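# Topology and contacts: notes
The residues making up each chain are set out below.
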Amino acid sequence: MSAPTPQQGRLAHAPVVLRGGRWWLDGGAGSVPASDPAFTAVLDDFALSMAAADQAVANLLVRQDGASCVDLGGRR
């Protein structure tokens, strides 16, 4: 099994964008590719953690919606 990869797009609340499998530092004057392997590894880890957190919240919301449909004690 291959390791998960971060999704393409802007990293939340950060001036970095993942395009074509490569991180770019995005500023008002333009974009510059991030080339430091240690830095890009941290960006990969952070992006994967953010995606996992987003999925966990989505799962909680689905479970919460399912629980609200249950009739508790015959009351509606």
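Residue positions are given per chain, counting from 1 as you read along its sequence in written order. For this predicted model, a pLDDT threshold of at least 70 governs which residues receive local features, and a threshold of 80 or more governs which side-chain atom pairs are given and counted, while totals over whole chains, interfaces and linings are taken from all residues. With hydrogens and water excluded, all non-hydrogen atoms of the structure serve as input to the side-chain values.

Okay, the pairing of strand E4 (residues 30-33) next. Each pair of strands is called paired provided DSSP finds at least two bridges between the two strands. The helix and strand labels rest on DSSP assignments: H or I over at least four residues marks a helix, E over at least two residues marks a strand, and numbering proceeds from the N terminus. Judged from the 4 bridges that link them, strand E3 (residues 22-27) and E4 form a sheet pairing that is antiparallel. Within the sheet, the bridge partner assigned to Asp-26 lies in E4 and is Ser-31. Here E3 folds back onto E4, and the loop between the two strands holds 2 residues.

Despite not being glycine, His-13 has its phi angle at roughly 55 degrees, a positive value. Looking at where His-13 falls in the secondary structure, it is placed in the loop between strand E1 (9-10) and strand E2 (16-19). Accessibility here uses a 1.4 Å probe with only protein chains present; expressed as a share of the type maximum, an area under 20% marks a residue as buried, one over 50% as exposed, and anything in between as partly exposed. Among the residues examined, His-13 registers a relative accessible area of 85% and is labelled exposed.

With that settled, consider the side chain of Thr-40. Within the secondary structure layout, Thr-40 lies in helix H1 (residues 37-68). Owing to a relative accessible area of 16%, Thr-40 belongs among the buried residues under this scheme. For this analysis, a polar contact is any N or O atom pair within 3.5 Å, provided that within protein one partner can donate a hydrogen and the other can accept it, and provided that sequence-adjacent residues contribute only side-chain to side-chain pairs. From its side chain, Thr-40 meets the backbone oxygen of Pro-37 in a polar contact 3.1 Å long. With residues up to four places along the chain from it excluded, the contact list for Thr-40 reads Trp-23 and Ala-34. Residues count as neighbours in contact if any of their non-hydrogen atoms are within 4.5 Å of one another.

To continue, consider the environment of Gln-8. Mapped onto the elements of the fold, Gln-8 is located in the segment before E1. Gln-8 gets classed as exposed once you look at its relative accessible area, which sits at 58%. Along the sequence, Gln-8 and Gly-21 sit 13 residues apart, while their C-alpha atoms lie 7.3 Å from each other. Among the polar contacts listed, one links the side chain of Gln-8 to the backbone nitrogen of Gly-20, at a separation of 2.8 Å.

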